[in-house]
Amino acid sequence: MSKKELKTVSNTVTWKEITEGGIMPYAGNAHLFKTGDWRSMKPIWLQEKCKQCLLCFPVCPDSSILVNEEGAMTGIDFDHCKGCGVCAKVCPFKAIDFVEEGK
Amino acid sequence: MAIRERMSGNEAMAVAMKQINPDVVAAFPITPSTEVPQYFSTFVADGVVDTEFVAVESEHSALSACVGAQAAGGRAMTATSANGLALMWEILYIAACSRLPIVMACVNRTLSGPLNIHNDHSDSMGARDSGWIQLYSENNQEAYDNMLMANRIGEHPDVMLPVMVCQDGFITSHAIENLELLEDDKVKAFVGEYNPKEYLLNKENPISVGPLDLQAHCFEHKRQQAQAMMNAKKVILEVSAEFAKLTGRSYGLFEEYMTEDADVCMVVLNSTAGTAKYVVDQYRAAGKKVGLIKPRVFRPFPVDELTAALSKFKAIAVMDKADSFNAAGGPLFTEITSAMFGKGVVAPKVINYIYGLGGRDVRSGDLEIVFNKLLEIASTGKVDSVYNYLGVRE
Ligand code: SF4
Ligand code: SF4
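> Please provide a residue-by-residue account of the overall build of chain A, values included.
Helix and strand counts for chain A come out as three helices and four strands. Counting from the amino terminus, chain A carries its helices and strands in the arrangement α-β-α-β-β-α-β. The C-alpha atoms of chain A give 17 Å as radius of gyration, which overshoots the globular expectation for 103 residues (13 Å, by more than 25%). Dimensions of chain A, computed from the C-alpha atoms along their principal axes, are close to 55 × 30 × 20 Å. Burial analysis of chain A (103 residues in total) assigns 33% to the buried set. For chain A, the proportion of contacts with a sequence separation of at least 24, taken over those separated by at least 6, is 58%. Accessible surface for chain A amounts to roughly 6,600 Å². Of this, 56% is attributable to carbon and sulfur atoms.

> How would you explain the site of ligand 2 if you had to name every residue and give the values?
Taken together, Pro43, Cys60, Pro61, Ser64, Ile65, Cys81, Lys82, Gly83, Cys84, Gly85 and Cys87 of chain A form the complete shell of residues around ligand 2. Within the shell around ligand 2, the residues separate by chemical class into seven nonpolar, three polar and one charged.

> Describe helix H11 (residues 303-310) of chain B, naming the residues involved and giving the relevant values.
Residue and element names in this part refer to chain B. What H11 keeps buried is the set Leu306, Thr307, Ala309 and Leu310. Down the axis of H11, the buried side of the element spans an arc of 160°, and every buried residue falls inside it. Turning to H11, the residues buried within the fold contact strand S9 (254-257), strand S10 (264-267), strand S11 (290-295), strand S13 (315-320) and helix H12 (331-342).

> Please provide a residue-by-residue account of the pattern of salt bridges, values included.
Residue and element names in this part refer to chain B. For the structure shown, the criterion picks out 27 salt bridges over all chains. Note that Lys343 is salt-bridged to Asp304, the shortest N-O span being 2.7 Å. Taken together, the residues span a long stretch of sequence, with Lys343 in the loop between H12 and strand S14 (349-355) and Asp304 in helix H11 at a distance of 39 residues. Judged by relative accessible area, Asp304 falls into the partly exposed class, the value being 39%. Through salt bridges with shared partners, a single ionic network connects Glu138, Glu142, Glu255, Lys277 and Lys294.

> So what's going on with the interface of chain A and chain B? Residues and values would help.
Facing the 15 residues of chain A at the interface are 22 residues of chain B. Between chain A and chain B, the buried area comes to about 1,600 Å², and carbon and sulfur atoms account for 60% of it. Looking only at chain A, the three residues that lose the most surface to chain B are Trp15, Ile18 and Glu20 of chain A, adding up to 41% of its buried area. The interface formed by chain A and chain B includes one salt bridge. In this structure, the salt-bridge partner of Arg99 of chain B is Glu20 of chain A, at a minimum N-O distance of 3.9 Å. In this assembly, chain A and chain B are joined by six residue pairs in polar contact (both at pLDDT 80 or more). Of the residues assigned to the side of chain A that touches chain B, the class counts are eight nonpolar, six polar and one charged.

> Summarise helix H1 (residues 9-20) of chain B; cite the residues concerned and give the values.
Three or four residues apart is the spacing at which side chains of an α-helix point the same way, because the helix has 3.6 residues per turn. Residue and element names in this part refer to chain B. Between its first and last C-alpha atoms H1 spans 17 Å; for 12 residues at 1.5 Å apiece the expected length is 16 Å, and the two agree. In terms of residue burial, H1 counts as a mostly covered element, since 10 of its 12 residues are buried. Asn21 lies just past H1 and shows a positive phi near 55°.

> Any details on the sheet that holds strand S6 (residues 133-136) of chain B? Residues and values, ideally.
Residue and element names in this part refer to chain B. The strand order across the open sheet built from seven strands is S3-S2-S4-S5-S7-S6-S12, with neighbouring strands paired in mixed fashion. This sheet does not close on itself; its edge strands, each paired only once, are strand S3 (52-55) and strand S12 (297-299). The average angle at which neighbouring strand axes cross in this sheet is 20°, direction not considered. As judged from the six bridges shared by strand S5 (residues 103-108) and strand S7 (residues 163-168), these two strands associate in the parallel manner.

> Tell me what's going on with the packing of aromatic side chains, and back it up with residues and numbers.
Residue and element names in this part refer to chain B. Scanning all chains against the criterion turns up eight aromatic pairs over all chains. When the ring of Tyr136 is compared with that of Phe298, the centres are 6.3 Å apart and the planes differ by 85°; the resulting orientation is edge-to-face. With Tyr136 in strand S6 and Phe298 in strand S12, this pair connects stretches of sequence that are 162 residues apart. A residue is classified by how much of its surface remains accessible, and Tyr136, at 1% relative accessible area, is buried. Take Phe298: its relative accessible area is 1%, and that puts it in the buried class. What links up through ring pairs into an aromatic cluster is the set Tyr136, Phe298 and Phe301.

What counts as what
Residues numbered from 1 in each chain as written. Chains lettered and ligands numbered in written order. Predicted model: local features only at pLDDT ≥ 70, side-chain atom pairs only at ≥ 80, totals over all residues. Heavy atoms only, no water. Helix = DSSP H or I, 4+ residues; strand = E, 2+ residues; numbered from the N terminus. Rg over C-alpha atoms; globule rule 2.2 N^0.38 Å. Buried < 20%, exposed > 50% of the residue type's maximum accessible area, 1.4 Å probe, protein only. Contact = heavy atoms within 4.5 Å. Areas by Shrake-Rupley, 256 points an atom, 1.4 Å probe, with all protein chains shown as cover. Near = heavy atom within 4 Å. Nonpolar A, V, L, I, M, F, W, Y, C, P; charged D, E, K, R; others polar. Arc of directions from axis to C-beta. Salt bridge = Lys/Arg side-chain N within 4 Å of Asp/Glu carboxyl O. Buried area = accessible area lost by both parts, 1.4 Å probe. Polar contact = N/O pair within 3.5 Å; in protein donor to acceptor, adjacent residues only side chain to side chain. Expected span 1.5 Å × (residues − 1). Pairing = 2+ DSSP bridges. Axes fitted to C-alpha atoms, helices over the stretch in contact; angles between N-to-C directions. Phe/Tyr/Trp six-rings, centres within 6.5 Å; stacked < 30°, edge-to-face > 60°.

Note that every value here comes from positions in space, so none of it alone points to a role or purpose.
This is the structure in structure tokens:
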């Protein structure tokens, strides 16, 4: 995303510069909206138990299961994970713990 | 040469739409605006327009279809009245905030309840804060002319807002009057093409419309929308001036009738202004200095111009064909008086009459009561009652 594009979605944009009618003229900027602080519960990935079956990846409603280019699960994106716990429930190997945030 | 014709107000609006030839018309029938899409659907069936006519299942869907069509990059129009407009409510605000210059023929009818199909202004007055430009029309000619100007106003890059053209249900919508039409090619040249900067079907620059807009940005969008409404005033005057050159019919923000040396003035919207002009003529013939102001543009509200025009009168009666049920006066009255106070215009005595609700006939004799009261106030300087009802059985 260019600097100009970033500006129109930044929290400092003025009413004179903001996009008309609230349109979103650039694709791929939803990641700028950080929703991680909505979380009250937190998934903890236990790497040693993980079998890389990737069942957690498709069920995450926030695309917060991080998968690298080799197709391996590498952790959780806590900027966007809302702590719904679906991944922990789905994992057949108990490789995701689900604990209270801040504990 | 202009075309001399005779037709109802509804047909006049439909003919204007035919000449504009929009990309999409989506509408649902409701009395008294039904004839507008009815006439229009025959133009579609006869192949005289290129429009996609969407026969939807409700007014909510009608305006939603217009929002989709306009966001896609097309020119969309609709027509409705009363409860149809009420069913569009949610989408009225979405059309305006999304800056989609849809044009609507609003044929004014009492908003139920009680259930009533006749004319007052409770439908469009309720939509006064929805972000739509509102133009009011005294007669069939004005309804036609306002429709022809609506696209140019709404689609102006400094505006980009939807426009509602209002006329009185049955009184003008169903009355056949003589009027002058423009030739099709002249309308086409005047209205021009709609070329939005951003639109959904533009594959070169894809956009999303209507995304979530929270605390960080929503206020900025509202402020920007407010600016568009402020900008609209200048654009309305420019478009009207161009229209006057083309047709010889000039329109401003409001019409002043016999106001130059008037002591007292009535302010009234739409068809009742015609009756009031007749009464003014009678009073003038008897040497009484009465005048009339007929607002054409209610949104944006012409605060500076209207207060300046009203400042010279001793007494003013603001006529509302809608009640705000606020125990204090109708919408036109409260807006005019607060505008005058804000501008420091406090010399004229201003009173309010709620009149003609539910289609109650408004005769010249009714309006004489108002002018007589105004002349009495002008001579005594005393106002016994500010908020009044006219033509109701006491
Ligand atoms: S579901 Fe469990 S085992 Fe499978 S990839 Fe995810 S964390 Fe690893
Ligand atoms: S807790 Fe919910 S949001 Fe967070 S990673 Fe797991 S599935 Fe995704």
